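Below are the chains, spelled out letter by letter.
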Amino acid sequence: MLNIMKVKSRYNLNDTVWYFSNNYVQSGIVNGIFFHVTREGDQERTNVEYTLNNDESHLAEGILFPGKKELLNSL
């Protein structure tokens, strides 16, 4: 039997996201989404990372926010 895994990202390509970098509020446009799925014992763990503005840096989903207000409210 074939098991099919569905993985969803919080953000999509071309979405604008907000984050902190070097103590400054920054925004960027998602241009790449990377999924890392690993097995830890009997459980699977999924990490989602994004590239923004054609930069090669990968940013974890947990540090990105859909708006500046949500970012500032997280402090």
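Higher on the page you've got the structure.
In short, a report on the structure. Worth saying up front: this structure is predicted, and the values here are computed from it rather than measured.

This part takes up the pattern of salt bridges. Per the stated rule, a full pass over the model turns up 2 salt bridges. When the shortest N-O distance is used, the salt bridge between glutamate 44 and arginine 39 registers 3.4 Å. Taking relative accessible area as the criterion, glutamate 44 reaches 49% and is therefore assigned partly exposed. Its salt-bridge partner being glutamate 40, residue arginine 45 comes within 3.4 Å of it at the nearest N-O pair.

Turning next to the nonpolar core. Among the nonpolar cores identified, the biggest contains 9 residues, and these are Tyr11, Val17, Tyr19, Val30, Val48, Tyr50, Leu52, Leu59 and Leu64. Every element with two or more residues in this core is listed here: β1 (16-21) and β3 (43-52). With 3 residues, the top contributor of residues to this core is β3. Those residues in contact with valine 48, other than ones at most four positions away along the chain, are Lys8, Ser9, Ile33, Phe34, Phe35, Leu59, Ala60 and Glu61.

Reading the values: rules and limits
Going along each chain's sequence as written, the residues are numbered from 1 onward. A pLDDT threshold of at least 70 governs which residues receive local features in this predicted model, and a stricter bar of 80 or more applies before side-chain atom pairs are shown or counted, although totals over entire chains, interfaces and linings include all residues. Excluded from the side-chain calculations are hydrogens and water; all other atoms, namely the structure's heavy atoms, are used. By salt bridge we mean one thing: a side-chain nitrogen of Lys or Arg within 4 Å of a carboxyl oxygen of Asp or Glu. Relative accessibility decides the category of a residue: with a 1.4 Å probe and only protein chains considered, values under 20% of the type maximum give buried, values over 50% give exposed, and everything between is partly exposed. Here, nonpolar core means buried Ala, Val, Leu, Ile, Met, Phe, Trp, Tyr and Cys residues that are tied together by side-chain atoms lying within 4.5 Å of each other. Labels follow the DSSP assignment, with helices taken as runs of H or I lasting at least four residues and strands as runs of E lasting at least two, numbered in each case from the N terminus. Contact criterion: two residues are considered in contact whenever any of their non-hydrogen atoms come within 4.5 Å of each other.

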